[in-house]
Amino acid sequence: MSEINPPSVASDYSKFVPFTARMMAAMRARESIKEDRLFDDPFAAILAGEEAFQRVDLQLKKQDQAYIAVRTRFFDDLLSLTQARQVVLLASGLDTRAYRFPWIGEVEIYELDHPEVLAYKAALLKNINVCCKHHLLGCDLTQSWEEKLLKAGYCPESPSVWLIEGLLMYLSEAQVHTLLKSVSDLSTYDSELGIDLISVKSLEYEPYKGYFRFGCDTPEELLSHYGWQSLVIQPGDEGANFGRYIELPPPREVPNVMRAFLVKAKKKR
Ligand code: SAM
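Residues numbered from 1 in each chain as written. Predicted model: local features only at pLDDT ≥ 70, side-chain atom pairs only at ≥ 80, totals over all residues. Heavy atoms only, no water.

**Q** Tell me about the packing of aromatic side chains, and please be specific about residues and values.
**A** The full count for this structure, using the stated rule, is eleven aromatic pairs. Measuring from centroid to centroid gives 6.0 Å for Tyr110 and Tyr154, while their planes differ by 80°, and the two rings are edge-to-face. Of the two residues, Tyr110 is situated in strand E2 (residues 108-113) and Tyr154 in the loop between helix H6 (146-151) and strand E4 (160-164); the sequence distance between them amounts to 44 residues. An identical accessibility class is assigned to Tyr110 and Tyr154; each is buried. Ring-pair connections join several aromatic residues into one group, and the members of that group are Phe16, Tyr170, Tyr205, Tyr208, Tyr211 and Phe212. For Lys267, the ring lying beneath its charged end belongs to Trp228, and the centroid distance is 5.9 Å. (Phe/Tyr/Trp six-rings, centres within 6.5 Å; stacked < 30°, edge-to-face > 60°. Helix = DSSP H or I, 4+ residues; strand = E, 2+ residues; numbered from the N terminus. Buried < 20%, exposed > 50% of the residue type's maximum accessible area, 1.4 Å probe, protein only. Lys NZ or Arg CZ within 6 Å of the ring centre and 35° of its normal.)

Structure follows, in structure tokens:
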């Protein structure tokens, strides 16, 4: 079975980033056993594995767990309500929405991530039935991946919903712009996009300092440049609180604050 192991040294970027997929799964597993859980991901624990639980306990803070729970629920809601029949999960990691959602009708789900991450997930979940047409496309999202998506059957003329969850912060600014341009070129009007970003100040956030590369304080402007009209919410605000944050996040106009943004966007006509 393909492996996605933790880095043995802190600076091993190429190992750390794929391993974050297991850390996200560990946090979803923890959420799934809570009485007041915001979602139930029955596959997260097996995908995470013991090493990821240990890393989460060792390195992450309580607020990280709250953020991942809220982020997952926020984007679960977006995907459960979509009318689009094409779902593209960029950097899907160990996301199990293809497996755990009751997809109705002919829904095509395309997952793109590093080949070893998708192979690891496919191997562990090989006996699970899905009720969608499921395409796992191993690729490097900083190289050209668009052809692979088109060859798998994705139709740019039909509305789609894109999810880019937990990715942009690991890319350089130039890579972010190239990716957003590709997503925009492949999206017809009324397509939807779910995406999360961090502020520039958050590049200093431990333990991700050095791994986080891209922060942005004005997601609306960034996405508007690529033809998307956005609704931007900070975790903790109304619509992205779910009873998990007692304090509200600082208002947007306060500069130099570590913050995250959850975004739902629509492709403009
Ligand atoms: N979206 C998933 C989630 O929320 O659980 C995974 C998020 S995880 C923090 C980051 C993911 O981005 C990892 O699965 C990693 O393999 C993927 N990733 C980062 N850079 C990538 C690249 N250049 N090409 C493909 N996948 C990439």
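**Q** Requested: an account of the sheet that holds E4, with residues and values cited.
**A** Within a sheet, neighbouring strands are paired by backbone hydrogen bonds and run either parallel or antiparallel to one another. Spatially, E3-E2-E1-E4-E5-E7-E6 is the arrangement adopted by the seven strands of the open sheet, whose pairing is mixed. Bordering the open sheet on either side are strand E3 (133-138) and strand E6 (228-233), each of which pairs with just one other strand. Going across the sheet, the axis of each strand differs from the next one's by a mean of 20°, ignoring polarity. One ladder, built from five bridges, connects strand E1 (residues 86-90) with E2; its direction is parallel. Bridging from a neighbouring strand, Leu90 pairs with Leu112 of E2. On the sheet, helix H3 (residues 62-81) packs against E1, E4, strand E5 (192-198), E6 and strand E7 (260-267) and is oriented at approximately 10° with respect to E7. Running at roughly 125° to E2, helix H5 (residues 115-124) makes contact with E2 and E3 of the sheet. (Pairing = 2+ DSSP bridges. Axes fitted to C-alpha atoms, helices over the stretch in contact; angles between N-to-C directions. Contact = heavy atoms within 4.5 Å.)

**Q** Describe the pattern of salt bridges, listing the residues and the values that go with them.
**A** Evaluated as defined, the whole model comprises 19 salt bridges. Of the charged contacts, one joins Arg71 and Glu165 as a salt bridge, the two residues approaching to 3.5 Å between their closest N and O atoms. Of this pair, Arg71 sits in helix H3 while Glu165 sits in the loop between E4 and helix H7 (173-185), and the two are 94 residues apart along the sequence. The pair formed by Arg71 and Glu165 is uniform in burial state, with each residue classed as buried. Between Asp77 and Arg73 there is a salt bridge, with its nearest N and O atoms 3.1 Å apart. Remark: Arg73 and Asp77 occur in helix H3; sequence separation between them is four residues, near one turn of the helix. Residue Asp77 is classed as partly exposed on the basis of its relative accessible area, which comes to 24%. Taking the relative accessible area as the measure of exposure, Arg73 reaches 26% and is therefore partly exposed. Here the salt bridges do not stand alone but share partners, grouping Arg71, Asp76, Asp95, Arg97, Arg100, Glu165 and Asp196 into one network. (Salt bridge = Lys/Arg side-chain N within 4 Å of Asp/Glu carboxyl O.)

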